[in-house]
Amino acid sequence: MGLLEQIKENAKKQSKTIVLPEGTEERTLLAADQIIGEGIAKIILIGNTDEIKALTEKHQLKNIDKATIIDPQSHAKKEEYADLLVELRKNKGMTKEQALKLVTNPLYLATLMIKSGDADGEVAGAQNATGDVLRPALQIVKTLPGISVVSGAFLLLTDKPEYGENGLIVCADCAVLPDPTAEELAQIAVSTAETARAIAKIEPRVAMLSFSTKGSAKNELVDKVVKATELAKQMAPNVMIDGEMQADAALVPSVGNSKAPNSPVAGKANVLIFPSLEVGNISYKLVQRIAGIEAVGPVLQGMAAPINDLSRGCSVSDIVNLVAITVNQAAAKK
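Here's what I pulled together on the structure shown here. (Residues numbered from 1 in each chain as written. Predicted model: local features only at pLDDT ≥ 70, side-chain atom pairs only at ≥ 80, totals over all residues. Heavy atoms only, no water.)

Okay, the overall build of the protein next. Secondary structure assignment for the protein yields 13 helices and eleven strands. Computed over its C-alpha atoms, the radius of gyration of the protein comes to 21 Å, within 12% of the 20 Å expected for a compact globule of 334 residues. Seen through its principal axes, the protein has C-alpha atoms that stretch 65 × 45 × 30 Å. Per-residue burial over the protein gives 54% buried out of 334 residues. Once local pairs closer than 6 in sequence are excluded, the contacts in the protein between residues at least 24 apart make up 72%. (Helix = DSSP H or I, 4+ residues; strand = E, 2+ residues; numbered from the N terminus. Rg over C-alpha atoms; globule rule 2.2 N^0.38 Å. Buried < 20%, exposed > 50% of the residue type's maximum accessible area, 1.4 Å probe, protein only. Contact = heavy atoms within 4.5 Å.)

Moving on to the environment of C314. Within the secondary structure, C314 is located in the loop between strand 11 (307–309) and helix 13 (316–333). Accessibility expressed as a relative area gives 6% for C314, which makes it buried. Considered as a pair, C314 and A250 are 64 residues apart in the sequence and their alpha carbons are 31 Å apart. Leaving out residues up to four positions away in the same chain, C314 has contacts with R27, A126 and I319.

Turning to the sheet that holds strand 3 (residues 68–70), a few remarks are in order. Taken in spatial order, the five strands line up as 3-2-1-4-11 in an open sheet, and their pairing is parallel. Looking at which strands have only one partner, the edges of the open sheet turn out to be strand 3 and strand 11. On average, each strand axis in the sheet is tilted by 20 degrees relative to the strand beside it, whichever way the strands run. Of the pairings in the sheet, the one linking strand 4 (residues 121–124) to strand 11 comprises three bridges and is parallel in character. (Pairing = 2+ DSSP bridges. Axes fitted to C-alpha atoms, helices over the stretch in contact; angles between N-to-C directions.)

A few words now on the pattern of salt bridges. Counting across every chain of the model gives 16 salt bridges. Of the charged contacts, one joins K77 and D118 as a salt bridge, the two residues approaching to 3.1 Å between their closest N and O atoms. Separated by 41 residues along the polypeptide, K77 in the loop between strand 3 and helix 4 (78–89) and D118 in the loop between helix 6 (106–115) and strand 4 bring together distant segments of the chain. Residue classification places D118 among the partly exposed positions, given a relative accessible area of 29%. Of the charged contacts, one joins E183 and K227 as a salt bridge, the two residues approaching to 3.1 Å between their closest N and O atoms. Within this pair, whereas E183 is found in helix 8 (residues 182–200), its partner K227 is found in helix 9 (residues 220–235), the two being separated by 44 residues in sequence. (Salt bridge = Lys/Arg side-chain N within 4 Å of Asp/Glu carboxyl O.)

The following block contains the structure:
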């Protein structure tokens, strides 16, 4: 059984509720029908009831009647959610009038549902830009204690079992933070280790990547990774984290033994932390396109509850997979 199938099978055991705020988007609705049919998650769809009904009939969907459908303009908890939003944002001057308007926005409504315990996670982005998805998430759900940054991880799946964890590598940040400080890079490392545990069910061996291995090059960019490594070890003393090291030293046993013979991670890393978004985004796209490696993500990490962002070019299967991943994240947080 492949990793994605394992993720789906584990999701089926969790009985989690995922809210999809783009309920009238056709791919999202098709995915919701499949998710419900396979028992991956309970689904809340946010959108105009008549539009959802018309699309359901158009595509002859059999399972949407099992979803909870919330019209953002007339939902029963509008006042309750508005009061919650005022309480959460009162220091920013939020008024009840402003809150009542925002709770008709599906992205704000979805995050308020999570904050109030009415949903366990959210998947959006088929219609909305990343910034629009993250803004209410950061304002309402916020980040985990001790974590100030949100980052994006990818699961890289290769048919070469000698790399990573039987061909699986988790890497970050590939999606969110352009130029992290050493402190932020340390947080990304710890968050990615948790993602590896929560989703891939592996014990993380984290390599902090650079163009230097254990002092082979001197540069302020290397210094940042060295400092981040020290901080990450302090944050998560029970996680195997080491660096700085080059990618070949992290992944290839013979190179790791040569360049970092005393490292617990070198040559057998299954989690790779890139020093910047520029490096991470370029790297995963190169191996995806040239080497044909399957890249699943981005999986947003660092949030107090799982909220994941889709590409606007996503497929139905992308949405199904990300919902299953979100369920696994929610289960791990419980």
